[in-house]
Amino acid sequence: VAGAQGAVSGAPAPSPGGGRPRVGRGQAPQRPARAILADYRAIGDALWERQVRATAHAKEIRQRAIANLEDRGLETLYVTYGMASWPAGDDGRPPEAPVLLVPIEVELRGREGRQVSLRRKGDVQVNLVLLHFLEQLGCRITPEALLEGSNVEDRFDPRYVLTRLAGLAGEI
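Quick caveat, the model's predicted, so the values are computed rather than measured.

1. Notes on the confidence of the model for the chain
Argument step 1. Taken as a whole, the chain shows an average pLDDT of 82; of its residues, 83% reach a score of 70 or greater.
Argument step 2. Mean pLDDT across the elements of the chain ranges from a minimum in strand β5 (residues 151–152), with 74, to a maximum in strand β4 (residues 125–126), with 94.
Argument step 3. Predicted confidence is poor over residues 1–12, with pLDDT under 50, and the contacts of this stretch with residues over four places away or in other chains come to 10 contacts.

Here's what the structure looks like:
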């Protein structure tokens, strides 16, 4: 700071008459450490609450999936990739359906199952309900036609499937 005796470049210059230091352009005023710690504590509390809610929600989804499997013999726990949409017949909101389904398992870990882990449980599948719907609209696509060529260097590339679906059903 030019003109101040013993001033360090970049440090706020003392205000004329004492009191709080003047803040120069591009410098933020100093906050007490207590206020900063309170902010961090509030952020930590919010993140903890969010994690607790997410864990409870994952446990609920897991229980519902187990019940569907035991009661009806249906696997209903999937992570989806890609959404297909088409114009609504009634000028309402356009319908949507997932394109790819990845069967997963929700694993509870840690003390009292507080940690949740998702693990892939099988191969990626094409949504057969979507393909059935497309067939009703006159667009017959087989899962094999979509999945053919989707493995690049022994790795599944979902973008290939989405591009292929768009090409085959793009007129709908």
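Now that the structure is up, let's keep going.
2. A word on the pattern of salt bridges
Argument step 1. According to the stated counting rule, one finds nine salt bridges in the structure shown.
Argument step 2. One salt bridge in this structure joins Arg64 and Glu60, with 2.8 Å as the shortest N-O distance. In this pair, Arg64 and Glu60 both sit in helix α1 (residues 33–72), four residues apart, roughly one turn of the helix.
Argument step 3. By relative accessible area, Arg64 is classed as partly exposed at 48%.
Argument step 4. The shortest N-O distance in the salt bridge between Arg119 and Glu105 comes to 2.2 Å. Taken as a pair, Arg119 in strand β3 (residues 115–120) and Glu105 in strand β2 (residues 96–109) lie far apart in primary sequence, 14 residues in all.

3. Overview of a nonpolar patch on the surface
Argument step 1. Among the surface-exposed residues, Ile36, Leu37, Tyr40, Ile43 and Leu47 lie close enough to one another that they form a single nonpolar patch of about 520 Å² accessible area.
Argument step 2. Following the sequence through the fold, Leu37 ends up in helix α1.

4. Some words on the pairing of β2
Argument step 1. Bridge count between strand β1 (residues 78–85) and β2: seven bridges; the pairing is antiparallel. Among the inter-strand pairings, Met83 is bridged to a residue of β2, identified as Pro98.
Argument step 2. Two elements, β2 and β4, share two bridges in a ladder whose sense is antiparallel. Looking at β4, one finds that Leu100 is bridged to Val126.
Argument step 3. Pairing geometry for β2 and β3, over six bridges, is antiparallel. Residue pairing in the sheet places Ile104 in a bridge with Arg120 of β3.
Argument step 4. Once β2 ends, the chain turns through five residues before running back antiparallel as β3, passing Gly110 with a positive phi of about 75 degrees.

5. Regarding the nonpolar core
Argument step 1. In this structure, Val99, Leu130, Leu134, Ile141, Leu146 and Leu165 are the most contacted members of the largest nonpolar core, which totals 15 residues.
Argument step 2. When contributions to this core are tallied by element, the ones reaching two or more residues are β2, α2 (128–136) and α4 (158–169).
Argument step 3. Ignoring sequence-local partners within four residues, the contact set of Leu165 consists of Ala84, Val99, Leu130, Leu134, Ile141, Leu146 and Gly170.

What counts and what doesn't
- Residues numbered from 1 in each chain as written.
- Predicted model: local features only at pLDDT ≥ 70, side-chain atom pairs only at ≥ 80, totals over all residues.
- Heavy atoms only, no water.
- pLDDT = per-residue confidence, 0-100.
- Helix = DSSP H or I, 4+ residues; strand = E, 2+ residues; numbered from the N terminus.
- Contact = heavy atoms within 4.5 Å.
- Salt bridge = Lys/Arg side-chain N within 4 Å of Asp/Glu carboxyl O.
- Buried < 20%, exposed > 50% of the residue type's maximum accessible area, 1.4 Å probe, protein only.
- Patch = residues over 30% accessible without salt bridge, like charges linked within 9 Å, V, L, I, M, F, W, Y side chains within 5 Å.
- Areas by Shrake-Rupley, 256 points an atom, 1.4 Å probe, with all protein chains shown as cover.
- Pairing = 2+ DSSP bridges.
- Core = buried A, V, L, I, M, F, W, Y, C linked by side-chain atoms within 4.5 Å.

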